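These are the residues of each chain, in order.
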Amino acid sequence: MSRLLQIVLLLCACTGLLSAQAQVSTNPLTTPAAPPMPSPILSMDAARAFDAANQLYDAGKYTEAAARYEAILRSGQTSSALYFNLGNAWFKAGGLGRAIAAYRRAEQLEPRDPDLRANLRFARNQVQGSTLLPGPAQRFLGRLSLGEWTCAAAGSVWVFFALLTAGQLRPALKRPLRNYVLAEALVALLFCSALGAALQQDRSNPTAIVVTRDAVVRQGPLDESKSVFTAHDGAELQVLDQKDNWLQVTTDSQHLGWVRRDEVVLGNGLI
Amino acid sequence: MQGLSCEMPSTTPAAGLRSVAGWALLANVKRLLAATLLLLCLATLSTYAATFTGSLDRDTITLGESATLSLAFSGGTPGTVPTPPEVPNLQITFSGNSQEITTINGQFSATVSYNFTLTPRQPGDFTIPAITVDVAGQKLATQPLQLKVLKPSPPPPAAIQSGSQPAFMRLLLPKKEIYVGETIVAQVQIYVRNGLPISNFQTTGFPAEGFTIGKQIEGQHRLVQVGTTTYAMIPVNIALQAVKAGSVTVGPYTANAVLGSRDPFDMFFGRSSEQKQMVLATESQPVQLLPLPREGVPPEFNGAVGTYSMSVTAGPTNLAVGDPITVRVQLSGRGWLDALALPAQPAWHDFNTYPPTSKVETTDSLGLQGTKTFEQVVIPQNADVKALPPFGFSFFDPDQKKYRRLEQPAIALVVRPAGAAATPTYLAGPRTGSDNPTPSQDIVANKQRLGTLAQIGAPLLLQPWFLTLQGLPVLAFLGAVVWRKRTDNLANNPRLRRRRHVAHEIREGLNHLRVQAEQNNSEQFFATLVRLLQEQLGERLDVPASSITEAVIDEQLRPRRVPETTLAPLADLFQKCNLARYAPVKSSQELTDLLPQLEAVLANLQEIEA
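Residues numbered from 1 in each chain as written. Chains lettered and ligands numbered in written order. Predicted model: local features only at pLDDT ≥ 70, side-chain atom pairs only at ≥ 80, totals over all residues. Heavy atoms only, no water.

K.L.:
Hey, could you run me through the packing of helix 3 (residues 62–74) of chain A against helix 4 (residues 80–92) of chain A in this one?
P.N.:
A pair of packed helices is characterised by two quantities: the angle between their axes and the separation of those axes. All names here are of chain A. Contact pair helix 3 / helix 4: the axes reach a minimum separation of 8 Å and the direction vectors enclose 150°. By the angle between their axes, helix 3 is roughly antiparallel relative to helix 4. Seen from above, helix 3 lies across helix 4 with left-handed handedness. In this structure, helix 3 uses Tyr-62, Ala-65, Ala-66, Tyr-69, Glu-70, Ile-72 and Leu-73 to contact helix 4, whose residues at the interface are Leu-82, Tyr-83, Asn-85, Leu-86, Ala-89, Trp-90 and Lys-92. Of the residues assigned to the contact of helix 3 with helix 4, the class counts are eleven nonpolar, one polar and two charged. (Axes fitted to C-alpha atoms, helices over the stretch in contact; angles between N-to-C directions. Helix = DSSP H or I, 4+ residues; strand = E, 2+ residues; numbered from the N terminus. Parallel < 35°, antiparallel > 145°, perpendicular 65-115°, else oblique. Left-handed = near helix turned anticlockwise from the far one by under 90°. Contact = heavy atoms within 4.5 Å. Nonpolar A, V, L, I, M, F, W, Y, C, P; charged D, E, K, R; others polar.)

K.L.:
Explain the sheet that holds strand 19 (residues 254–260) of chain B here, please?
P.N.:
Adjacent strands of a sheet form backbone hydrogen bonds with each other and so pair up, either parallel or antiparallel. Residues and elements named next belong to chain B. Ordered in space as 14-19-20, the three strands form an open sheet in which the pairing is antiparallel. Every interior strand has two partners, whereas the edge strands, strand 14 (198–205) and strand 20 (275–281), have only one. Sheet twist, expressed as the mean angle between neighbouring strand axes with direction ignored, is 20°. In terms of strand pairing, strand 19 meets strand 20 through seven bridges, oriented antiparallel. Counted as the bridge partner of Thr-254 is Ala-281 from strand 20. (Pairing = 2+ DSSP bridges.)

K.L.:
What exactly am I supposed to notice about the interface of chain A and chain B here?
P.N.:
Where interface size is given, it is often the accessible area lost as the parts come together that is meant. Taken together, the contact between chain A and chain B spans 49 residues of the former and 38 residues of the latter. In terms of surface lost to chain B, no three residues of chain A exceed Phe-122, Trp-158 and Gln-168 of chain A, which account for 15% of the buried area on that side. The tally of links from chain A across to chain B stands at two salt bridges. Across the pair Asp-113 of chain A and Lys-447 of chain B runs a salt bridge whose closest N-O atoms are separated by 2.9 Å. Between chain A and chain B we count twelve residue pairs in polar contact (both at pLDDT 80 or more) in total. (Buried area = accessible area lost by both parts, 1.4 Å probe. Salt bridge = Lys/Arg side-chain N within 4 Å of Asp/Glu carboxyl O. Polar contact = N/O pair within 3.5 Å; in protein donor to acceptor, adjacent residues only side chain to side chain.)

K.L.:
Would you mind going over the packing of aromatic side chains with me for this structure?
P.N.:
Each pair of aromatic rings is reported with the distance of its centres and the angle of its planes. Taken as a whole and assessed by the stated rule, the structure comprises 25 aromatic pairs over all chains. Ring centres of Tyr-57 of chain A and Tyr-62 of chain A lie 5.1 Å apart, and the angle between their planes is 70°; on these two criteria the pair is classed as edge-to-face. Here Tyr-57 of chain A falls in the buried class, since its relative accessible area comes to 6%. On the basis of relative accessibility, which here comes to 24%, the residue Tyr-62 of chain A falls in the partly exposed class. Chaining the aromatic ring pairs together yields one cluster made of Phe-52, Phe-73, Phe-94, Tyr-114 and Phe-116 of chain B. Above the ring of Phe-84 of chain A, the side-chain terminus of Lys-447 of chain B is found at 4.6 Å from the ring centroid. (Phe/Tyr/Trp six-rings, centres within 6.5 Å; stacked < 30°, edge-to-face > 60°. Buried < 20%, exposed > 50% of the residue type's maximum accessible area, 1.4 Å probe, protein only. Lys NZ or Arg CZ within 6 Å of the ring centre and 35° of its normal.)

Here it is, written out as structure tokens:
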């Protein structure tokens, strides 16, 4: 019983930490944007606006199509297909960085869409120079969206407590259920850990994506500072710090510097 | 004539190298002496007229070397550092100043020199115009100076054979006729006289028009005999890929290097130590870059040049329509592996194809030999597909001077109909019969359906309702724990269990009594009444209920000091029950009137200490 209580307390602590971590996200880079202003585009009209944007895309008016897709997003509506098509429009319009940013937002909603993965990979292959590519841990966490990790962790915790409750109501089940309870506790811990890591990645390690042709990364947050390296359109940079209109970014231990805020978009921010 | 001169150390970066303690001490003594002499002669300096001269340490240098321009002032100095005029293609940078105090026949003279480093950017003749400065209101000017900059050239073979050259370089190309797209390895051999240290080797130029220059790798050093002299030979291999046809020249490969050592301990102990900067250059090599033959070009040829072998695998081979197949193509061999791309496969028209990914694993340091692995996802579109059509790859083999084609046989597939129609996937751009776009050339096109819309907002984990919901299983578990504790306590306490059982029996019994009273069932009524009194007394006194009679009042209750207000009604009830045995018939009202008395007695009995 004492061991079970320890596991219960550990899971409760995990849940509490996750909640606290989610609530106290004070990083100005990652604080969720304010709710969008009401827009004339209603949800019923979103499909119609989406079709109109697709027609602009088919007509080769890629910039106008991107603007239409973004108008739907500003109305507060979102879907994976919307970000996917927005990424395509930016890609065709020559905005490689904005395309990658849109694909990444779509990936957060539907991480296992093969079309999306193909386009994101294709766009990343076009990037010149230093860029931050996802590591094995990020690729693993990217297999599920944050919502899916949340549901998986919550579901496993519910099953764990259901097994414990059944053991209390029917003591005869305690012994047969003991191995299941331990296994479920392990599963719940793994899912909670993965959820914590995914949340940490989403909230505390934002990525900046270069959206100008060449963004000079400097030694300090001043225009007069010496250049460290030049990041090209589409390069993904890890954000370490922020000062005024400058972001401290890195791609690896060799490349560290400050880039102007208006030359990048944040991977989890608005496009 | 007797002369004494000392040179004041300049403020150039070279001064920082003099960090040996002894040398520093010596330098301080010299500074002190020079400063003293300078103070002594200051008064006499004003008696001399100021002079200004400009000079070069040498008037002919080789491209890659530097010359020093000295502007010397005697009898007075300008207020600021003089600025030489700008000369096109000649970089002039201030390198520091020095002071020299000279005494000749007891007369002191001081000279201040400002030094500039001249670095030419191209060969040719340079003229440094006259420089005019203002010294104490006096306009002074130098004469124009000439500097000749020679093109780097290799030493003549005779000089090399004689062993007079401390270092030289050679450029070797493996062949003189190269096909466009072909890769070769050029080798620069650096020869340094054996035992002579070489440092600060810097490549200054390697013109190779018509080539893309790849990695440069230093090879194994070895000793070679050239003429009568032994040299240490350092090979540097350079990967080159021809990119356009025509007659071109490769080289000369030029570099700067410092020969000799400058050991501070040698200098401190007065031993000779010499360093010399050298400009090294190789000869140029004419090369003919040939275009690829226009005859016999295979249909899927996409520019690959080299020598390759191929292996193709695909899986799974038993699948449903819409399921992905991963095709892995391995191209191994020698060539510019980074530039290899998968050719379009027109025969794959029954498949949706996705852009392939690739990975290069090289087996040599120059990256020209190894394996490039492509992985491409293809999706069969219908159940009529029976095989993955043959995969073809063509390349031009420069060794055999002809095109070669590799083909992997068709791979049999078992494609089942899908339960639901596969999501259509389009490739962007027009797609017609034989004009299939190369899979890796474009993105997957737009989605036609918006899909499930969601409101932009905080993630699920941040929603208050969701966080509140997560408390439910914990509360349910804690409730179950409390319930289990209470149940276990009851099971382990017989008196408590009996107490609760009796309380339950009394609640039930009172209900039965009300019913029996209404039905005027006197016999059953009194039997139940007696049973309830027995149960309650038995529980309080911890004796079997069946052993309770009216005698318990005197035998056990009075000794326990139970108040008479409890005992009297109890005795009355027992008596009425006894009377009822002999005269059982009572009215319904009479029976109902007994119930308040019974309830009061039972309540009083529950107050008795167990």
